[in-house]
Amino acid sequence: MIISVCMATFNGGKYIEKQVRSILSQLDEKDELVISDDNSIDSTLSILRSFNDSRIKIFQNPKSGLISNFENAINKSKGDLIFLADQDDIWIDNKLEKTKIKYLEGYNVILSDACMIDENDKIINESVLKLNASKEGFTTNLIKNNFIGCCMAFDKSLKTIILPFPQHIPMHDSWIGLNGYIHGKVHFLPTPLIFYRKYQN
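Here the structure is a predicted model, which is why all the values come from computation and not from measurement.

Definitions and cut-offs
Residues numbered from 1 in each chain as written. Predicted model: local features only at pLDDT ≥ 70, side-chain atom pairs only at ≥ 80, totals over all residues. Heavy atoms only, no water. Helix = DSSP H or I, 4+ residues; strand = E, 2+ residues; numbered from the N terminus. Rg over C-alpha atoms; globule rule 2.2 N^0.38 Å. Buried < 20%, exposed > 50% of the residue type's maximum accessible area, 1.4 Å probe, protein only. Contact = heavy atoms within 4.5 Å. Areas by Shrake-Rupley, 256 points an atom, 1.4 Å probe, with all protein chains shown as cover. Lys, Arg positive; Asp, Glu negative; His and termini not counted. Charge placed at Lys NZ, Arg CZ, Asp CG, Glu CD. Phe/Tyr/Trp six-rings, centres within 6.5 Å; stacked < 30°, edge-to-face > 60°. Pairing = 2+ DSSP bridges. Core = buried A, V, L, I, M, F, W, Y, C linked by side-chain atoms within 4.5 Å.

Colleague: How would you explain the overall build of the protein chain if you had to name every residue and give the values?
Modeller: Across its full length, the protein chain holds eight helices and nine strands. Over its C-alpha trace the protein chain gives a radius of gyration of 16 Å, about what one expects of a compact globule, namely 17 Å for 201 residues. Taking all 201 residues of the protein chain together, 55% fall into the buried category. Pairs at least 24 residues apart make up 76% of the contacts formed inside the protein chain by residues separated by at least 6 positions. Accessible surface computed for the protein chain: about 9700 Å², of which carbon and sulfur atoms make up 52%. The protein chain carries 23 positive and 25 negative side-chain charges, and their two centres are separated by 3 Å.

Colleague: If you had to explain the packing of aromatic side chains to someone new, which residues and values would you point to?
Modeller: A full pass over the atoms with the stated rule returns four aromatic pairs. Ring geometry for Y15 against Y199: centres 6.2 Å apart, planes inclined by 55°, an arrangement best described as tilted. With a gap of 184 residues between them, Y15 in the loop between β1 (3–9) and α1 (16–24) and Y199 in the segment after β9 (186–197) connect regions that are remote in the sequence. Given the relative accessible area of 36%, Y199 is considered partly exposed.

Colleague: Mind laying out the environment of V20, listing which residues take part and the relevant values?
Modeller: Along the polypeptide, V20 turns up in helix α1. The exposure class of V20 is buried, given its relative accessible area of 0%. Distance from V20 to D86, taken between C-alpha atoms, is 9.8 Å for residues 66 residues apart in sequence. Beyond its immediate stretch of four places on either side in the chain, V20 contacts M7, L33, L48, F51 and I56.

Colleague: Help me get a handle on the environment of F188, residues and values and all.
Modeller: Tracing the sequence through the fold places F188 in strand β9. Remark: the alpha-carbon pair of F188 and V109, spanning 79 residues in sequence, is separated by 8.6 Å. In this structure F188 touches L111, S134, K135, E136, N141, N146, F147 and Y181, once residues within four positions along its chain are discounted.

Colleague: Any details on the pairing of strand β4 (residues 81–85)? Residues and values, ideally.
Modeller: Counting buried positions along β4 gives five out of five residues, so the element sits mostly inside the fold. Residues L81, F83 and A85 line one face of β4 and the alternating positions I82 and L84 line the opposite face, and both faces are buried. As judged from the five bridges shared by β1 and β4, these two strands associate in the parallel manner. Its bridge partner lying in β4, V5 is registered against F83. When β4 meets strand β8 (residues 152–155), the two strands line up antiparallel, connected through three bridges. Bridged to I82 within β8 is F154.

Colleague: So, unusual backbone geometry: which residues are in play, and what are the values?
Modeller: In terms of backbone geometry, most residues other than glycine have negative phi values and most peptide bonds are trans. That bond from L163 to P164 is cis: its omega, -5°, falls within 30 degrees of zero. Examined against the element boundaries, P164 turns out to sit in the loop between α7 (159–162) and α8 (172–183). At D121, a residue that is not glycine, the phi angle is positive and equals roughly 70°. Within the secondary structure layout, D121 lies in the loop between β6 (109–117) and β7 (123–125). The residue A133 is not glycine, and still its phi comes out positive at about 50°. Here A133 lies in the loop between α5 (128–131) and α6 (138–143).

Colleague: Tell me about the nonpolar core, residues and numbers included.
Modeller: V5, V20, L33 and F154 are the most contacted members of the largest nonpolar core, which has 55 residues in total. In this structure L33 touches V5, M7, V20, I23, L24, L27, R55, I56 and K57, once residues within four positions along its chain are discounted.

So, in structure tokens, the structure goes:
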């Protein structure tokens, strides 16, 4: 099984090194970290290139904006299981293995819980799923989106269904999650597998 981690970047130099290290430490040599960059003008790209790691694949976003940036990264991915990742979070050590277990049980979309942290890596909430009162189900998530992209992984079979993203979707994560319900099986994993960064302002 090949793992693709798809990350959208834009001026993420402050936190991106820590996040990339947390991801690479869980990837095998055959896996990939696919990065779509939205014309960063800070140190983001130089930090990424300084890793000198063949698993990191950097692409320029041909459009602009967060949703198209993730679309570009997903489109470039080659893995069997695709993870979404934000540039400023931190993966918890067992994220990949815990998710793979559920994937091998037959789920097409897996959404994990997360610990919320502040700008200084201090935990400010132990469970984002509980904080948001997140619930499973197609209708529930159609009315109120509980999918958080950076907590999601999905099967490559969904790529041909979700891409290209429709022009007017509110967010890419809800689009992927709802299609998971329509075309497969979805599981909410009540275990925090990332540190999810929340900014005070």
